[in-house]
Amino acid sequence: MVRFVAVRLLRAFLTIALVVTFAFIVLRLSGDPALAIMGNEAPPEALAAFRREWGLDDPLWLQYLTYFRAIFRGEFGISMRGGGPSFDLVMSRIPATLALTLPALVLKLSIGIPAGIYAALHRNTRIDRAVMVAAVTGYTVPSFVLGLLLVQWFSIWLGWLPTGGGGGWQHLLLPVLTLGIGGGAVLARFVRSAMLEVLGQPYIRTASAKGIPWAAVVRGHALPNAAIPTVTIIGFLVGNLIAGAVVVESVFSWPGIGNLLVVSVTARDLSVVQCILLFVTVTMVFSNLTVDFLYGVLDPRLRNTGQSGGH
């Protein structure tokens with residue numbers, strides 16, 4: 001078990017390091033922050049002074065080492081655009097992002113799990129086909145297209161909800177629906193497949209042949225076993241929430257870290273972009289680690305395998 005945990009922690013660390021390294025290189029090759037922040041009409045002397053102040057005239061390898069040393073000291077840089085600590089700026093936007101992503105996660109689970117189970121238990125019926133058509137539609141429509149459609153229907157045509165911005169619960173409904181519908185569609189398809197695979201197993205037929213009521217078979221045998229692969233997709237959806245919020249927050253001008261990321265990329269505010277990408281990466285990696293550990297809880301065979309592998 002110790003080896004199981006150590007391997008996954010090492011893999012998580014390498015994933016974070018690779019993502020941070022890739023983002024660091026791409027950001028510095030994609031444009032000059034001095035020109036983006038000061039403008040093309042700034043005097044050459046001012047541009048040179050800006051690059052010198054922020055270490056942008058140092059060799060790339062030296063900038064990289066300086067950045068990694070700062071991260072290990074818990075320092076995430078200063079915003080070139082605002083002048084304040086990047087970490088504080090990002091943390092100030094997290095409550096707004098959580099106010100969007102947590103209800104969206106609840107909506108995904110509330111849509112996907114019951115719909116997938118119901119469709120599997122009524123396989124090849126009209127209900128099953130209707131659920132799958134809705135799931136495929138919700139999955140294939142990009143989030144920004146879905147968001148614009150919801151704005152068109154509920155804001156422009158009906159006039160019920162605001163088109164965007166931060167504020168009360170009215171501003172939150174459309175972004176939550178946009179995030180929740182797509183994830184709920186993915187989950188419904190996966191839960192249906194997991195349930196159908198379990199329902200086709202011999203032990204399900206054996207339990208039914210013994211005269212156990214079908215509802216008890218589903219509750220006692222099908223649902224627990226279908227939950228094991230379902231944990232994977234739920235973990236993916238949780239980790240993907242922050243990444244998905246980038247597009248949705250931009251569409252609805254919601255004041256979270258996704259909106260901040262778009263603004264900071266446009267302004268080439270390097271330390272803020274790097275801080276946000278690090279936060280998103282850590283969130284997704286942590287979600288995957290949680291899924292790995294939940295496997296051991298839900299499936300004793302995997303737990304025993306992990307223990308034997310550690311001895």
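Note that the coordinates shown come from a computational prediction; the quantities given were computed from them, not determined experimentally. (Residues numbered from 1 in each chain as written. Predicted model: local features only at pLDDT ≥ 70, side-chain atom pairs only at ≥ 80, totals over all residues. Heavy atoms only, no water.)

1. So, unusual backbone geometry
Excluding glycine, most residues fall at negative phi; most peptide bonds, likewise, are trans. A positive phi angle, close to 50 degrees, is found at S253, a residue other than glycine. With respect to the element layout, S253 can be found in the loop between α10 (214–252) and α11 (257–267). Among the residues examined, S253 registers a relative accessible area of 44% and is labelled partly exposed. (Helix = DSSP H or I, 4+ residues; strand = E, 2+ residues; numbered from the N terminus. Buried < 20%, exposed > 50% of the residue type's maximum accessible area, 1.4 Å probe, protein only.)

2. Some words on the side chain of D128
Counting through the fold element by element, D128 comes out in helix α6 (residues 126–140). There is a polar contact of 2.7 Å between the side chain of D128 and the side chain of R192. Discounting residues that sit within four places of it in the chain, D128 has contacts with A119, H122, R123 and R192. (Polar contact = N/O pair within 3.5 Å; in protein donor to acceptor, adjacent residues only side chain to side chain. Contact = heavy atoms within 4.5 Å.)

3. Overview of the UniProt feature "transmembrane region" (unreviewed entry) in the protein chain
UniProt records the feature "transmembrane region" (unreviewed entry) at residues 12–31, 98–121, 133–160, 172–191, 226–251 and 271–295, using the numbering of this structure. From the first C-alpha to the last, residues 98–121 spans 34 Å; its make-up is 100% helix and 0% strand. End-to-end, the C-alpha atoms of residues 226–251 are 36 Å apart, and along that stretch the chain is 100% helix and 0% strand. (UniProt positions renumbered as here; feature names shortened; annotations may be inferred.)

4. Points about the pattern of salt bridges
Taken as a whole and judged by the stated rule, the model has 2 salt bridges. Here R73 makes a salt bridge to E75, at a shortest N to O gap of 3.2 Å. Looking at R73, the relative accessible area reads 53%, which means it is exposed. Under the relative-accessibility criterion, E75 is labelled partly exposed at 40%. (Salt bridge = Lys/Arg side-chain N within 4 Å of Asp/Glu carboxyl O.)

5. Structural notes on the packing of helix α5 (residues 86–121) against α11
As a packed pair, α5 and α11 sit with axes 8 Å apart at the nearest point and diverge in direction by 135 degrees. On the basis of their axis angle, the class for α5 and α11 is oblique. For the pair α5 and α11, the contacting residues are L89, V90, R93, I94 and T97 in the first and I257, G258, N259 and L260 in the second. (Axes fitted to C-alpha atoms, helices over the stretch in contact; angles between N-to-C directions. Parallel < 35°, antiparallel > 145°, perpendicular 65-115°, else oblique.)

6. Remarks on the nonpolar core
The biggest cluster of nonpolar side chains holds 20 residues, and the ones touching the most others in it are V90 and I276. Mapped by element, the contributors of at least two residues to this core are α3 (44–53), α5, α10, α11 and α12 (270–298). Looking at which element gives the most residues to this core, the answer is α12, with 6 residues. Those residues within four positions of I276 in sequence are excluded, and the remaining contacts are V90, I257, L260 and L261. Judged by nonpolar contacts, the second largest core, of 18 residues, contains I117, A120, A226 and L237. (Core = buried A, V, L, I, M, F, W, Y, C linked by side-chain atoms within 4.5 Å.)

7. What about the side chain of Q274?
Inspection of the secondary structure assignment puts Q274 in helix α12. Other than its neighbours up to four places away in sequence, Q274 contacts F24, L27, R28 and Y67.

8. With respect to the confidence of the model for the protein chain
Taken residue by residue, the protein chain gives an average pLDDT of 81. The fraction at 70 or more is 93%. Between the elements of the protein chain, mean pLDDT differs from a low of 47, seen in helix α13 (residues 300–310), to a high of 89, seen in α5. When the criterion is pLDDT under 50, residues 305–311 qualifies, and its contacts beyond four places in sequence or with other chains add up to 7 contacts. (pLDDT = per-residue confidence, 0-100.)

9. Some remarks on a nonpolar patch on the surface
Taken together, the side chains of L149, W153, I156, W157, L158 and W160 make up a nonpolar region of the molecular surface, amounting to roughly 700 Å² of accessible area. One can find W160 in the loop between α7 (143–157) and α8 (169–199). (Patch = residues over 30% accessible without salt bridge, like charges linked within 9 Å, V, L, I, M, F, W, Y side chains within 5 Å. Areas by Shrake-Rupley, 256 points an atom, 1.4 Å probe, with all protein chains shown as cover.)

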